[in-house]
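Each chain is listed here by its residues.
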Amino acid sequence: HGTSKKNELGHLEIGGVDTTELAKQFGTPLYVYDVALIKERARSFKKAFENMGVKAQVAYASKAFSSIAMFQLAKEEGLSLDVVSGGELYTAIKAGFPAEKMHLHGNNKSREELKMALEHGVGCIVVDNFYEIDVLDELYVDGERKIPVLLRVTPGIEAHTHDYITTGQEDSKFGFGLLNGQVERAIEKVLASKAFHLLGFHCHIGSQIFETQGFVLAAERVFEKIKEWKDRFSYVPEVVNLGGGFGIRYTEEDAPLPATYYVEKIVEAVQKQVKELNMEMPEIWIEPGRSLVGDAGTTLYSIGSQKEVPDVRKYVAVDGGMTDNIRPALYEAKYEAALANRMNDKEEEKVSIAGKCCESGDMLIWDIALPSVKPNDLLAISCTGAYGYSMANNYNRIPRPAVVFVEDGEAQLVVKRESYENIIVNDIPLKSKVVK
Ligand code: LLP
């Protein structure tokens, strides 16, 4: 997919760059991003809205992968940005991303984070709970620009995905219950305060979703309420944000839809409601994360040790693992892989790819067919662009890998590999007299 292909040497090439050269130049493990593919994904979402003739914002959910370079790319592509913490906000500001196109999320934004967002003039704060309304009300300075907010609602829809990552159910830590009267109390509070400009409503029903029904149902549920609120509060929203969650193809079992398909169904659902309500079409915002960067990312690993458990399986270990991709361990996520330095060789054996961390659960792939592997072979695991680097950690004091962007035959380092010095940079040795 994307610009990935086998070159004349039988090596995996991405963005016109030989991955064996990347491994030599930047070392392994290495995250490699196909920039052309990110652009293609971003443009197809934007184009889909343009074709439907509706005002929209496509906000990149930066939790999927954030770095200064990624934010610069998102800016170039005309995306908005969903940030969920002071750290993501800070990185985006440092990248020169326009604050007015940022949306601040989070179920427990601190006073400092909210203050920071207001000082930079973020485009919108997605208000999650009553406490946050109170804090924002306090922070608001009379006479200043009213705080643009969306209210996050939980429409009680369970999207088809892994349990741990669904957030649209009523029983969720996120947002105001749509069906239990909480939203109405929140609207009353926000409309009664002079601090806020209520832009509209937000909901997010889950992640790695392959169907459109969930989004359509969410739009319908929200508009059922909007209909009530139109009379009750004389209020109609300017913006309806239906979140992210569009699925990608990790393995053959996954069958995602093209971006246009999701967008068309969402827009049609909203248009239908708007017509019935005889109100103006609101702007539609979405927040794709995974579907913008997921399949654009590939991780390169060097193969090291092997262990055979007679009559059971063969473990092949790589120089990374749950420290750079925690998804298999955390969600039983499935991935595909290829031997990047020997793409022409026939698949001869079934092996399981193990990480190098001190934990039995540190497995990246179970039972995959590969050519017979040797130490120093280069393994490429595809579709690691979302929630890979962003969830990377230093378990076992393993430094985080580097990240490179490739495009048109050129590679650019965008995140340096961590060093051992980085690993101890915040450690403070005991004062000698304390050590008895
Ligand atoms: N908007 C909101 C409010 C979200 O909570 C999320 C993801 C997104 C947008 C973007 O969703 P996406 O388009 O990327 O599916 N760590 C998990 C995924 C957690 C998703 C959390 N929220 C994983 O690795 O699968």
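Residues numbered from 1 in each chain as written. Predicted model: local features only at pLDDT ≥ 70, side-chain atom pairs only at ≥ 80, totals over all residues.

A. Representation of the overall build of the protein chain within the structure. Helix and strand counts for the protein chain come out as 12 helices and 21 strands. Here the protein chain has a C-alpha radius of gyration of 23 Å; the compact-globule value for 436 residues is 22 Å, and the two agree. Taken over the C-alpha atoms alone, the protein chain extends approximately 70 × 65 × 40 Å along its principal axes. Expressed as a percentage of the 436 residues in the protein chain, the buried residues total 46%. Contacts spanning at least 24 positions in sequence make up 68% of the contacts within the protein chain whose residues lie at least 6 apart. (Helix = DSSP H or I, 4+ residues; strand = E, 2+ residues; numbered from the N terminus. Rg over C-alpha atoms; globule rule 2.2 N^0.38 Å. Buried ≥ 20, exposed ≤ 12 C-beta atoms within 10 Å, placed from the backbone. Contact = placed C-beta atoms within 7 Å.)

B. Structural view of the UniProt feature "binding site: pyridoxal 5'-phosphate" (unreviewed entry) in the protein chain. The positions that UniProt labels "binding site: pyridoxal 5'-phosphate" (unreviewed entry) are, in the present scheme, Gly245, Glu287, Pro288, Gly289, Arg290 and Tyr387. Summarising the element assignment, Gly289 is placed in the loop between strand E13 (283-286) and helix H10 (290-293). Relative to the helices and strands, Tyr387 resides in the loop between strand E19 (378-382) and strand E20 (402-407). Accessibility expressed as a C-beta count within 10 Å gives 24 for Tyr387, which makes it buried. Apart from residues no more than four positions distant in its own chain, Tyr387 is found in contact with Ala64 and Arg327. (UniProt positions renumbered as here; feature names shortened; annotations may be inferred.)

C. Up close: the site of the ligand. In the region of the ligand, 22 residues are neighbours, and Ala61, Ser207, Gly244, Gly289 and Tyr387 sit closest. Of all elements in the fold, only H10 and helix H11 (327-331) reach the threshold of two or more residues within the shell around the ligand. Taken together, the residues of the shell around the ligand sort by class into eight nonpolar, 10 polar and four charged. Summarising the domain contributions, the shell around the ligand has at least three residues from each of domain 1 (5-33 + 294-424) and domain 2 (35-291). (Near = placed C-beta within 6 Å. Nonpolar A, V, L, I, M, F, W, Y, C, P; charged D, E, K, R; others polar. Domains from an automatic or database assignment.)

D. Local environment of the sheet that holds strand E1 (residues 5-6). Reading across the sheet, the three strands line up as E1-E2-E3 and stay open at both edges, with antiparallel pairing between neighbours. Only two strands of the sheet have a single partner each, and these edge strands are E1 and strand E3 (17-18). With two bridges connecting them, strand E2 (residues 12-14) and E3 associate as antiparallel partners. Bridging across to E3, Ile14 finds its partner in Val17. (Pairing = 2+ DSSP bridges.)

E. Seen up close, the UniProt feature "binding site: substrate" (unreviewed entry) in the protein chain. UniProt feature "binding site: substrate" (unreviewed entry): in the numbering of this structure it lies at Arg290, Arg327, Tyr331, Glu359 and Tyr387. Spanning 98 residues, the named residues are also spread out in space, since their farthest C-alpha pair is 27.0 Å apart. Looking at the element boundaries, Arg290 is found in helix H10. Among the residues examined, Arg290 registers 25 C-beta atoms within 10 Å and is labelled buried. With residues up to four places along the chain from it excluded, the contact list for Arg290 reads Ala64, Ser207, Gln208, Ile248 and Ala386.

F. Region of interest: unusual backbone geometry. Residue Pro29 is reached from Thr28 by a cis peptide bond, and omega for that bond is -10°. Take Pro29: it is sitting in the loop between helix H1 (19-26) and strand E4 (30-34). You will see that Asn278, though not glycine, has its phi angle at about 55°, which is positive. The class for Asn278 is exposed, based on 7 C-beta atoms found within 10 Å.

G. Local environment of the nonpolar core. One finds Val149 and Leu379 to be the most contacted residues of the largest nonpolar core, which totals 118 residues. Here this core spans two domains, since at least three of its residues come from each of domain 1 (5-33 + 294-424) and domain 2 (35-291). With sequence-adjacent residues up to four places away left out, Val149 is seen in contact with Cys124, Ile125, Val127, Val190, Phe196, His197, Leu198 and Leu199. (Core = buried A, V, L, I, M, F, W, Y, C linked by C-beta atoms within 7 Å.)

H. Focus on the domain arrangement of the protein chain. Taken domain by domain, the protein chain holds domain 1 (5-33 + 294-424) and domain 2 (35-291). With centres defined by C-alpha atoms, the gap from domain 1 to domain 2 works out at 33 Å. Counting from both sides, the interface comprises 22 residues of domain 1 and, opposite them, 20 residues of domain 2. Of all the secondary-structure elements, those providing two or more residues to the side of domain 1 that touches domain 2 are E20 and strand E21 (410-415). Looking at which element gives the most residues to the side of domain 1 that touches domain 2, the answer is E20, with four residues.

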